[in-house]
Amino acid sequence: EYLLSLNSKKFLYEFYKVAGLTPPTTEGYQGWERSNDINFRGHTFGHYMSALSQAYKGTGDAGVKAELLVQIKDAVEGLKACQDAYGKNHPDSAGYVSAFREDILNKVDGTGGSNENVIVPWYNLHKVLAGLIDIYTFVDDKATADVALEIAENFSEYVYKRCSKLSDKTVML
């Protein structure tokens with residue numbers, strides 16, 4: 001009941017803004033998911049995707065399973081749209097998908113500064129990636145699972161390329 005009281009489109013609000021798309025809702029979740037507070041934007045959505053996928057796998061109730069799948073599909077389709085739009089607007093950063101601007105990573109890895117307001121951005125990105133992998137692992141809707149894996153693979157390629165350029169890779173630790 002709690003998972004179904006939440007909404008993937010509302011979690012995607014900040015992702016859409018970063019990708020340069022019109023958000024699917026008039027506002028996103030508040031608290032740590034807000035763009036103008038010190039926050040953990042995106043990580044709750046990653047946890048949510050993991051929880052949705054595990055509840056989907058674990059339920060025997062066809063009606064609940066169908067409702068969970070709606071939220072899972074909204075999550076995957078929204079992240080795919082954001083990743084595609086970001087890559088089109090920033091070809092050198094194709095694969096990036098996040099609820100915060102990429103320039104915070106420049107501050108974290110020592111390659112530059114940022115006025116972005118995010119705590120532990122790599123953790124936030126990891127949670128989104130983990131949520132996508134959980135969807136691929138636990139959801140038997142092949143089309144949705146395959147798109148989740150595609151997003152995760154594209155994002156992983158982005159991370160690999162970004163980290164490969166660092167002269168001192170220990171900054172990531």
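Cut-offs used in this document
Residues numbered from 1 in each chain as written. Predicted model: local features only at pLDDT ≥ 70, side-chain atom pairs only at ≥ 80, totals over all residues. Heavy atoms only, no water. Helix = DSSP H or I, 4+ residues; strand = E, 2+ residues; numbered from the N terminus. Expected span 1.5 Å × (residues − 1). Polar contact = N/O pair within 3.5 Å; in protein donor to acceptor, adjacent residues only side chain to side chain. Core = buried A, V, L, I, M, F, W, Y, C linked by side-chain atoms within 4.5 Å. Buried < 20%, exposed > 50% of the residue type's maximum accessible area, 1.4 Å probe, protein only. Contact = heavy atoms within 4.5 Å. Salt bridge = Lys/Arg side-chain N within 4 Å of Asp/Glu carboxyl O.

**Quick word on helix H5 (residues 62-89)**
- With 28 residues, H5 extends 40 Å from end C-alpha to end C-alpha; this agrees with the ideal 40 Å at 1.5 Å per step.
- Put simply, Asp61 is the residue that caps the front of H5, since its side-chain oxygen is 2.8 Å from the backbone nitrogen of Gly63.

**Some details on the nonpolar core**
- Phe15, Phe45, Met49, Leu79, Tyr96, Leu105 and Leu132 are the most contacted members of the largest nonpolar core, which totals 43 residues.
- Going through the elements one at a time, helix H3 (13-19), helix H4 (43-58), H5, helix H6 (103-108), helix H7 (121-138) and helix H8 (142-164) are the ones with two or more residues in this core.
- With nine residues, the top contributor of residues to this core is H5.
- Filtering out sequence-adjacent residues up to four positions away, Leu105 remains in contact with Tyr96, Phe100, Pro121, Trp122, Leu125, Tyr158 and Arg162.

**Examining unusual backbone geometry**
- Even without being a glycine, Val120 presents a positive backbone phi close to 40°.
- Inspection of the secondary structure puts Val120 in the loop between H6 and H7.
- Judged by its relative accessible area of 42%, Val120 is partly exposed.

**Examining the pattern of salt bridges**
- Tallied over the entire structure, the rule returns seven salt bridges.
- Lys17 is the salt-bridge partner of Glu14, the closest N and O atoms lying 3.5 Å from each other. Note that Glu14 and Lys17 are positioned in helix H3 at a spacing of three residues, about one turn of the helix.
- By relative accessible area, which is 9% here, Glu14 ends up buried.

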